[in-house]
Amino acid sequence: MTISLLSPSAPHWALTLLLALILAGCASETETQPSAPADSTSYLADIPLSDDPFVHAIEVAHEKGRFLSHEMVAFDLQLTFGGRERFNGTISLATNTGLLRQDGKDGVTVLFDGENVYQMPDTLERPGSRFDIFTWTYFFALPFKLDDPGTIWNDVEFKELEGKEYDSKKLTFEDGTGDSSLDWYIVYSDPESQLIHSAAYIVTMYSSQEEAEVDPHAIVYEDYQEVDGIPIARKWTFWGWRENEGLTDQLGSATVSNIRFSDLDPALFQAPETAKRVDYIRPEVE
């Protein structure tokens, strides 16, 4: 007589064997299932995010946790502004932006070691070195710096650009933040993806706030592509900007390429003794 393993009359050893086979099959199925892709929450577990809903949404969309899980990022930047090439070379930075370096194809290197800005060679007079090392790295890392110490966020009325409405808020800074705390940004994020679309801004490093507000600019981020799961804009365009008009004339453009993450190399950000220190001297402005 053949006894089915499912029969009530099956011997105890047979039922035990069936149970073992079922459990083994379940374990095998679990092991062969593809693991779920890691989402930003797993990377954000130890990363404090902004309490501001607008900023929080951008930080999640831009995978801030994934970005900060790396120690260093480098990329190639070719940037034209005002009809001339402003920078062409490689930029390297610690992902917390505490260390910065740019190596131009013209042979000029500028770096920030966490305290001071240095330029090599030291014989070159280049007044824009300090502005460049902070500005281009800031534009690249903007999605990850919106909740930095000293940032202040306020609502704005102008949310439309080129016929489309964006989520938007104004970023200002507490006194003593950076070289010039009078700068401001109006950040526009896409209401669907929450990725930063653009940011209007003024630069007060060499002028008064009133003078800078006569000619505000804007940067537009385009061609987002993922690198290690992190969306990064491969194209920037620069524009004039007005509150009631939005974008006006195009002023420049930049391409970002060859983006790579790595462990931090502290030696990369150490200035040799022959480097020239570039201090910020605030001009007298009314």
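Every chain begins its residue count from 1, and numbering advances along the sequence as written. Thresholds applied to this predicted model are a pLDDT of at least 70 for local features of residues and 80 or more for the giving and counting of side-chain atom pairs; totals over whole chains, interfaces and linings are not thresholded and use all residues. As a rule here, side-chain values come from all non-hydrogen atoms in the structure, and water together with hydrogens is ignored.

### As for empty space enclosed by the protein
Moving on, step 1. Put plainly, a pocket is an open set of points on a 1 Å grid over the protein atoms alone with protein on both sides within 12 Å along at least five of seven lines, a cavity is a set where a 1.4 Å probe fits but cannot get out, and a lining residue has an atom within 4 Å of a point. Grid points are joined across faces, edges and corners, and a volume is the space filled by probe spheres set on the points. Enumeration according to the criterion identifies one cavity of 30 Å³ or more in this entry.
Moving on, step 2. The computed volume of the largest cavity comes to approximately 110 Å³.
Moving on, step 3. For the purposes of this entry, the term helix denotes a DSSP run of H or I that reaches at least four residues, the term strand denotes a run of E that reaches at least two, and both are numbered from the N terminus. Mapped onto the lining of the largest cavity, the elements with two or more residues apiece are α5 (129-141), β12 (217-227) and β13 (230-242).
Moving on, step 4. The leading source of residues in the lining of the largest cavity is β13, at four residues.
Moving on, step 5. Under this grouping Gly is polar, as are all residues other than the nonpolar Ala, Val, Leu, Ile, Met, Phe, Trp, Tyr, Cys and Pro and the charged Asp, Glu, Lys and Arg. For the lining of the largest cavity, the class distribution of residues is eleven nonpolar, one polar and no charged.

### Quick word on the side chain of His217
Moving on, step 1. Within the secondary structure, His217 is located in strand β12.
Moving on, step 2. By the criterion applied in these results, polar contacts are pairs of N or O atoms within 3.5 Å in which, for protein atoms, one can donate a hydrogen and the other can accept it, and in which residues neighboring in sequence qualify only through two side-chain atoms. At 3.3 Å, the side chain of His217 forms a polar contact with the side chain of Asp215.

### Describing the pattern of salt bridges
Moving on, step 1. Whenever a carboxyl oxygen of Asp or Glu lies within 4 Å of a side-chain nitrogen of Lys or Arg, that contact is scored as a salt bridge. Scanning the entire structure with this criterion turns up eleven salt bridges.
Moving on, step 2. We note a salt bridge from Glu63 to Arg66, for which the minimum N-O separation is 3.2 Å.
Moving on, step 3. Taking the shortest distance from any N to any O, the salt bridge between Asp103 and Arg101 comes out at 2.9 Å.
Moving on, step 4. Note on Arg101: relative accessible area 15%, which makes it buried.
Moving on, step 5. Salt bridges sharing partners connect three or more residues here, namely Asp52, Asp155 and Lys169. Accessible area is worked out with a 1.4 Å probe on protein chains only. A residue is then buried under 20% of its type maximum, exposed over 50%, and partly exposed in between.

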